[in-house]
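In case you want the letters, here they are:
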Amino acid sequence: MVEIYLAGGCFWGLEEYFSRISGVLATSVGYANGQVETTNYQLLKETDHAETVQVIYDEKAVSLREILLYYFRVIDPLSVNQQGNDRGRQYRTGIYYQDEADLPAIYTVVQEQELMLGRKIAVEVEKLRHYILAEDYHQDYLKKNPSGYCHIDVTDAEKPLIDAANYEKPSQEVLKESLSEEAYRVTQEAATEAPFTNAYDQIFEEGIYVDITTGEPLFLPRISLPQVVVGQVLAVQFPKS
């Protein structure tokens, strides 16, 4: 059982979101890394604390990397001191760790986000200096008030997590040997597939499209990930019967 502290705007929604993720054992909301070691909800602007969610998780069931990928799914990492409609330093984004052994995983995910976005992100990474538990009425707020305000879609927790790092693209030599000529031209040379001719044109089963070069799902599925059936340009995953 380990923990990480994440700031991502209003902590009501972020706590509810993480509480729904498999492998998360417990959550709480509080105020982290301000200028002093005491504060309350009314004093946040003066004490410079960030609204933060404590995430306690079973590292055998969900990794820190996965927790961080879930986190980046629901925040705007480029926004400074604002998430959704909430503005102010207390709504800044941050990853606050206790164990320095967590830093390699944290920095790897941050660097991947910056590479993907093409610029430095606004998420601060700091050692947790202090965490002050928020008032009781803030704890599990959306469970107590299901129609309460939330700046994120908490049901995103139920969508399968797709980690691009698990889908390594083969070399061009391997792709030329493994793909059909048409599939290679479409996926590697921006060619266009002829209409109404692909292997799945008349297939209407439920399934998802995946990248034929890596196996990475191209769309988040509403079904469990089944076996892969490979086509000319894409692969399609169909549910098991």
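Everything below is about the structure printed above this text.
Below is a summary of the structure that appears in this document. (Residues numbered from 1 in each chain as written. Predicted model: local features only at pLDDT ≥ 70, side-chain atom pairs only at ≥ 80, totals over all residues. Heavy atoms only, no water.)

**So, the overall build of the protein chain**
No. 1: Secondary structure assignment for the protein chain yields seven helices and 11 strands.
No. 2: Buried positions account for 44% of the 241 residues belonging to the protein chain.
No. 3: For the protein chain, the proportion of contacts with a sequence separation of at least 24, taken over those separated by at least 6, is 71%.
No. 4: On the protein chain, roughly 13,400 Å² of surface is accessible, and the fraction owed to carbon and sulfur atoms is 49%. (Helix = DSSP H or I, 4+ residues; strand = E, 2+ residues; numbered from the N terminus. Buried < 20%, exposed > 50% of the residue type's maximum accessible area, 1.4 Å probe, protein only. Contact = heavy atoms within 4.5 Å. Areas by Shrake-Rupley, 256 points an atom, 1.4 Å probe, with all protein chains shown as cover.)

**Structural notes on the sheet that holds strand β6 (residues 93-97)**
No. 1: Judged by pairing direction, the sheet is mixed, and its six strands sit side by side in the order β7-β6-β1-β3-β2-β8 without closing on themselves. Among the strands making up the open sheet, the edge pair consists of β7 (124-127) and β8 (131-133). Between one strand axis and the next, the sheet turns through 35° on average, direction left out of account.
No. 2: In the sheet, strand β2 (residues 24-32) pairs with strand β3 (residues 50-57) via eight bridges, with the strands oriented antiparallel. Its bridge partner being in β3, Gly30 is matched across the sheet by Thr52.
No. 3: Helix-sheet contacts for helix α3 (residues 64-74) involve β1 (2-8), β2, β3 and β6, and the interaxial angle to β1 is about 15°. (Pairing = 2+ DSSP bridges. Axes fitted to C-alpha atoms, helices over the stretch in contact; angles between N-to-C directions.)

**Remarks on helix α7 (residues 181-188)**
No. 1: Listing the buried residues of α7 in full gives Glu182, Ala183, Tyr184 and Val186.
No. 2: Looking at the buried side of α7, the elements it contacts are α6 (172-178).
No. 3: Two or three places before Ala183, at the start of α7, stands the capping residue Ser180, its side-chain oxygen 3.0 Å from that residue's backbone nitrogen.
No. 4: Two residues or fewer past α7, Ala190 is found with a positive phi of approximately 60°. (Polar contact = N/O pair within 3.5 Å; in protein donor to acceptor, adjacent residues only side chain to side chain.)

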